[in-house]
Amino acid sequence: MPDPETAPTAPAPPERPTLLIRNAACIATQDDARRELRDASVLVRGRRIEAIGPAAELPQTADEVIDARGHLVVPGLVNTHHHMYQSLTRAIPGVQDAELFSWLRGLYPLWAGLTPEMVRVSTQVAMAELLLSGCTTSSDHLYLYPNGVRLDDSIEAAAAIGMRFTATRGSMSVGRSQGGLPPDRVVEAEDAILRDSERLIDRHHDAAHGAMVQVALAPCSPFSVSRALMRESALLARARGVRLHTHLAENDHDIAYSREKFGRTPAEYAEELGWVGPDVWHAHCVKLDADGIALFARTRTGVAHCPCSNMRLASGIAPVRRMLDAGVPVGLGVDGSASNDGAQMLAEARQAMLLARVGRALEPFGCDSGPAEMTARDALDLATRGGARVLGRTDIGHLAPGMCADLALFDLRALAFAGGAVHDPVGALLLCASAPAAFTVVDGRVVVRDGRLATLELEPLVRRHNRLARDLAEAARRAA
């Protein structure tokens, strides 16, 4: 036997790099107590937060140090609903003043020309905008797959730019000839959808703590897929331990379609198909009625609230306060870049706060809460912990030891916060004009530094994106 005194020993594992965010003016932890720490620091080791507390009690050096004096630190914001390919069709003439159904009919012919390159580039443009606004985790709902497009194109783009990603395998299977809304040329066969869904789960889904990529199944909407596909997708998702996502109760036309075709409200239809539960989240829910809210609360079904898109398409004002008071998990979504025309996540949180207040004032009864309908801190909670709950994540959404090192820093000395941050830095973040992030950290990696994207060159990306946007529109004009 080898002598234990002389036997070779295994080399010690390499020390994980450290990142110190030092001397922040304020850290809004968004923990259970919503602690806000003044003159505090965060120590990150590898991909996790190791310590958070008073600056004097934490180390003063690390492998990398960010001087956070004059900055507010918040958990990375979480976006629960997006269509990133739509950044190619922002402000398209002809649908700027349309409601949902006519807006979709006008844009489907353009989107039929999408290519894999367009999906990759538009995903990175959308993610760049999110990262620069302090968002570190995003969902995306890709439901069109023409010309060889695959969800893998989005996943690869996210890995290159450095964003934590919930990639949803969307689908449409009921075209216009079968009573659906989309043209037949953009729908898929249902057996092919389910096969590709299984492939994507096998190849990309990571259920571990700190996962950078997760996959969800997301038939597009009740007016573009069959009952069978909704049921089969739910069975597959639950067999494989992934989440479910779709659009629901977005506007009055959506409600009318559901009643005419199915004889049910959208919430009743979802329940019939097995589309309620803590593993499901629905986008919009603007027209969710009292029974629907009670159903979602009882089953812990989540909602992605998209205030800017709902306003842009004149869909209405979602009853967010009633949902929250009932116990419905609610997060924020910027929605598609062609129905919001922006993806500034902090601005979305501010809009959610303002819209909740004016929405209450427009109600005929029960207007006693007024401006307190949603506070600045409530809006920040929607954008952080709320989004994490909706996506089923327990490792993001607030700052504490052991959590993923996803953070955003905002410079309180900027013009946007003048006269506000000196009184209440957290309140100023939502009440003052939405400012870009000074630093964004994802999984312990600095991806925005001094207000500039650190992982990709932004200017050539935007030029390429604009060229592809023109190509897409021109191809649609030629085909018309």
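Per chain, residue numbering runs from 1 following the sequence as it is written. Under the rules for a predicted model, residues below a pLDDT of 70 receive no local features and side-chain atom pairs below 80 are neither given nor counted, while totals for whole chains, interfaces and linings still include all residues. Each side-chain value is derived from all of the structure's non-hydrogen atoms; neither hydrogens nor water enter the calculation.

Q: Which parts of the structure should I look at to understand helix α5 (residues 227–240)?
A: Given 3.6 residues per helical turn, the α-helix brings residues three or four places apart onto the same face. Across its 14 residues, α5 extends 20 Å between first and last C-alpha, which sits within 8% of the 20 Å expected from 1.5 Å per residue. Any residue under 20% of the maximum accessible area for its type is buried, any over 50% is exposed, and the rest in between are partly exposed; the area is computed with a 1.4 Å probe on protein chains only. Under the DSSP-based scheme used, a helix requires at least four consecutive residues in state H or I and a strand at least two consecutive residues in state E, with every element numbered from the N terminus. Residues L229, M230, S233, A234, L236 and A237 constitute the buried set of α5. Whether two residues are in contact is decided by their heavy atoms: any pair within 4.5 Å suffices. Considering only its buried residues, α5 is in contact with β8 (164–171), α4 (190–204), β9 (213–219) and β10 (243–248). Looking at the residues trailing α5, positive phi occurs at G241, about 70 degrees. Helices are assigned an expected span. That span is 1.5 Å times one less than the residue count.

Q: Is there a simple way to think about the nonpolar core in this case?
A: Most often, soluble globular proteins have nonpolar side chains that are buried together. Ranked by internal contacts, the top residues of the largest apolar core, which has 127 residues, are W103, W111 and F296. At ten residues, helix α2 (residues 116–132) tops the list of elements feeding residues into this core. The residues touching W111, leaving out its near neighbours within four places in the chain, are Y85, Q86, T89, W103, L104, Y143, L144 and P146. Residues belong to a common nonpolar core when they are buried Ala, Val, Leu, Ile, Met, Phe, Trp, Tyr or Cys residues joined through side-chain atoms within 4.5 Å. With 23 residues, the next largest nonpolar core counts A40, I49, L409 and V446 among its residues.

Q: Would you explain the packing of α2 against helix α3 (residues 151–161) in this entry?
A: A pair of packed helices is captured by two measures, namely the crossing angle of their axes and the spacing between those axes. Viewed as axis vectors pointing N to C, α2 and α3 meet at an angle of 40 degrees, and their least axial separation amounts to 8 Å. With respect to each other, α2 and α3 are oriented oblique. Relative to α3, the crossing made by α2 is right-handed. Here P116, V119, R120, T123, Q124, M127, A128 and L131 of α2 lie close against α3, whose contacting residues are D153, S154, A157, A158, A160 and I161. Each residue gets one of three labels, nonpolar for Ala, Val, Leu, Ile, Met, Phe, Trp, Tyr, Cys and Pro, charged for Asp, Glu, Lys and Arg, and polar for the others, Gly among them. For the contact of α2 with α3, a count of residues per class yields nine nonpolar, three polar and two charged. Angular values range over 0 to 180 degrees, each being the angle between N-to-C directions of two axes fitted as lines to C-alpha atoms, with helices fitted over their stretch in contact. By definition in this entry, angles of less than 35 degrees are roughly parallel, angles greater than 145 are roughly antiparallel, angles of 65 to 115 are roughly perpendicular, and the rest are oblique. In this scheme the crossing of two helices becomes right-handed for a clockwise turn of the near helix relative to the far one and left-handed for an anticlockwise turn of less than a right angle.

Q: Even after reading the chapter, I still don't get the pairing of strand β14 (residues 407–411), so can you show me in this structure?
A: The side chains of a regular strand alternate between the sheet's two faces. Judged by how many residues are buried, β14 sits mostly within the fold: four of five residues are covered. Two elements, strand β5 (residues 71–75) and β14, share five bridges in a ladder whose sense is antiparallel. Residue V74 lies in a different strand from β14, and its bridge partner there is A408. We treat two strands as partners when DSSP finds at least two bridges between them. Summarising the sheet, β14 and strand β15 (residues 439–442) pair through three bridges and their orientation is antiparallel. What sits directly across from L409, in β15, is F439.

Q: Just checking my understanding: could you explain the packing of aromatic side chains for this structure?
A: Note on aromatic pairs: each is described by the distance of the centres and the angle between the planes. Between 30 and 60 degrees the pair is tilted, below 30 it is stacked and above 60 it is edge-to-face, where a pair is any two Phe, Tyr or Trp rings, Trp via its six-membered ring, whose centres lie within 6.5 Å. Taken as a whole, this structure holds eight aromatic pairs when the rule is applied. Note on Y85 and Y143: the rings are 6.0 Å apart at their centroids and 85 degrees apart in plane angle, and the pair reads as edge-to-face. With a gap of 58 residues between them, Y85 in the loop between β6 (77–79) and α1 (100–111) and Y143 in the loop between β7 (135–142) and α3 connect regions that are remote in the sequence. Y85 gets classed as buried once you look at its relative accessible area, which sits at 2%. Classification of Y143 by relative accessible area gives buried; the value is 2%. Both rings, one in W103 and one in W111, keep their centres 5.7 Å apart while their planes meet at 75 degrees; by these two values the pair is edge-to-face. Neither W103 nor W111 differs from the other in exposure class; each is buried. Grouping aromatic residues by their ring pairs yields a cluster made of Y85, W103, Y108, W111 and Y143. A cation over an aromatic ring shows up here: R169 above the ring of Y145, its NZ or CZ 4.1 Å from the ring centre. In this analysis the charged atom, NZ for Lys or CZ for Arg, is taken to sit over a ring once it is within 6 Å of the ring centre and within 35 degrees of the ring normal.

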